[in-house]
Amino acid sequence: MAIKEKFIIYYLDLLRELEKEKPDFLFFDVREPEEIECYGQISKTINIREDDVVNELVNLEDENFQKKYGIPKPDQHTKMIFSCYSGKRAENAVKKMNEKGYTQVYLYRGGFKEWHDKQNPERQTFIIKYDQLLEDQKKSDVLIVDVREPEELAETGKIPKTSDVVKEFKELSEEDFEEKYSKPKPTEDTKIIFSCRSGIRSERVQKQMQELGYKQVFNFEGGWEEWKRREEKKKK
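Residues numbered from 1 in each chain as written. Predicted model: local features only at pLDDT ≥ 70, side-chain atom pairs only at ≥ 80, totals over all residues. Heavy atoms only, no water.

## Looking at the domain arrangement of the protein chain
- By domain assignment, the protein chain separates into domain 1 (5-119) and domain 2 (121-235).
- Distance from the C-alpha centre of domain 1 to the C-alpha centre of domain 2: 34 Å.
- Counting residues at the interface gives seven residues for domain 1, matched by ten residues for domain 2.
- The junction of domain 1 with domain 2 conceals about 650 Å² of combined surface from both sides, 44% of it contributed by carbon and sulfur atoms.
- Contact with domain 2 buries surface across domain 1, with Leu12, Arg16 and Lys118 losing the most and accounting together for 63% of the total.
- Inspection of the domain 1/domain 2 interface yields two salt bridges.
- Here Lys118 and Glu203 are joined by a salt bridge, their closest N and O atoms 2.9 Å apart. (Domains from an automatic or database assignment. Contact = heavy atoms within 4.5 Å. Buried area = accessible area lost by both parts, 1.4 Å probe. Salt bridge = Lys/Arg side-chain N within 4 Å of Asp/Glu carboxyl O.)

Written as structure tokens, this is what we have:
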């Protein structure tokens, strides 16, 4: 049986959890110890081999678990995230725990491979965070581009000062671009920030623009979801 979407954790979800001083989840890496020693692991993870998940998390006595792992043994309603290299072994671990009646078990489907790729220093150079976006909104020479579908924008709204431009960069002449968007067509050195709902589509567009030769293209990794969450938090 497939794992329900609400129990899938994505890169940005995990990133937000790990940035907390006290994450809401316990985070388990079910790879072999030799793999972790060779390739490294995501911070704050606890290594329990996939084959040992039930024996350790379900059958091990509370006192022995605490002594071995330095944390209280999770109960059936403790929030837990499972990860491996690319997701398959972690998915098996989630299903095993579900079969034992554990109700808050989540899968980080991207696994260590995705985490490692996204933590690449070169990639991080072209990531924009919320606080930086607030500053860039004030700059007239920065273009913020929302790549979502028009229906999504109509339903949710959009970040102020964004433009709904994608293929226009390649197809419109400088004159037509300025006439349509009331601003000069960006050059290869213009700072451009792409955004979407959760950072996935905008990252894809960012890469396409880099391939076209644009040198200052950035991805607002949190997307509309991050913007909405942070803006609502201000109102409380």
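## Comments concerning the packing of aromatic side chains
- Taken as a whole, this structure holds eleven aromatic pairs when the rule is applied.
- With 4.7 Å between their ring centres and 40 degrees between their planes, Phe65 and Tyr69 make a pair best called tilted. Here Phe65 and its partner Tyr69 are both found in helix α4 (residues 62-69), four residues apart, which amounts to about one turn of the helix. In terms of burial, Phe65 and Tyr69 fall into one category: buried.
- An aromatic cluster is defined as three or more aromatic residues linked by ring pairs; in this entry it consists of Phe169, Phe177, Tyr181, Phe194 and Tyr214.
- Cation over ring: Lys118 sits above Tyr11, and NZ or CZ is 5.5 Å from the ring centre.
- Taking NZ or CZ as reference, Lys191 lies 5.0 Å from the ring centre of Phe218, over its face. (Phe/Tyr/Trp six-rings, centres within 6.5 Å; stacked < 30°, edge-to-face > 60°. Helix = DSSP H or I, 4+ residues; strand = E, 2+ residues; numbered from the N terminus. Buried < 20%, exposed > 50% of the residue type's maximum accessible area, 1.4 Å probe, protein only. Lys NZ or Arg CZ within 6 Å of the ring centre and 35° of its normal.)

## As for the pairing of strand β2 (residues 26-29)
- Side-chain alternation along β2 places Leu26 and Phe28 on one buried face and Phe27 and Asp29 on a second face that is also buried.
- Note: β2 against strand β4 (residues 80-83), four bridges, orientation parallel. Across the sheet, residue Asp29 finds its bridge partner in β4, namely Ser83.
- Here β2 pairs with strand β3 (residues 46-47) via two bridges, running parallel. Bridge pairing in β3 places Phe28 opposite Ile46. (Pairing = 2+ DSSP bridges.)

## Brief notes about the side chain of Glu50
- Mapping Glu50 onto the fold places it in the loop between β3 and α3 (53-59).
- Residue Glu50 is classed as buried on the basis of its relative accessible area, which comes to 14%.
- Discounting residues that sit within four places of it in the chain, Glu50 has contacts with Val30, Arg89, Asn92 and Lys96.

## Notes on the nonpolar core
- The biggest cluster of nonpolar side chains holds 38 residues, and the ones touching the most others in it are Leu14, Leu57, Met80 and Phe82.
- With sequence-adjacent residues up to four places away left out, Leu57 is seen in contact with Phe28, Ile48, Phe65, Lys73, Pro74, Met80, Phe82, Met97 and Tyr102.
- Counting eleven residues, the second largest nonpolar core, distinct from the first, contains Val147, Ile192, Met209 and Val217. (Core = buried A, V, L, I, M, F, W, Y, C linked by side-chain atoms within 4.5 Å.)

## Some words on the layout of surface pockets
- When its volume is computed, the largest pocket comes out at roughly 680 Å³.
- Lys118, Arg123, Gly199, Ile200 and Glu203 are the residues nearest the centre of the largest pocket, which is lined by 29 residues in total.
- Those elements that provide at least two residues to the lining of the largest pocket are β1 (8-9), α1 (11-19), α6 (111-118), α7 (121-125), α12 (200-211) and α13 (223-235).
- No other element matches α12, which puts six residues into the lining of the largest pocket.
- Of the residues in the lining of the largest pocket, the class split is eight nonpolar, six polar and 15 charged.
- Reported here for the second largest pocket is a volume of approximately 410 Å³.
- For the lining of the second largest pocket, the secondary-structure elements that each account for two or more residues are α1, α8 (130-136) and α13.
- A per-element tally of the lining of the second largest pocket places α1 first, with six residues.
- Partitioned by chemical class, the residues of the lining of the second largest pocket number seven nonpolar, one polar and ten charged. (1 Å grid on protein atoms, 1.4 Å probe; cavity = no way out; pocket = protein on both sides within 12 Å on 5 of 7 lines; lining within 4 Å. Points joined across faces, edges and corners; volume = space filled by probe spheres on them. Nonpolar A, V, L, I, M, F, W, Y, C, P; charged D, E, K, R; others polar.)

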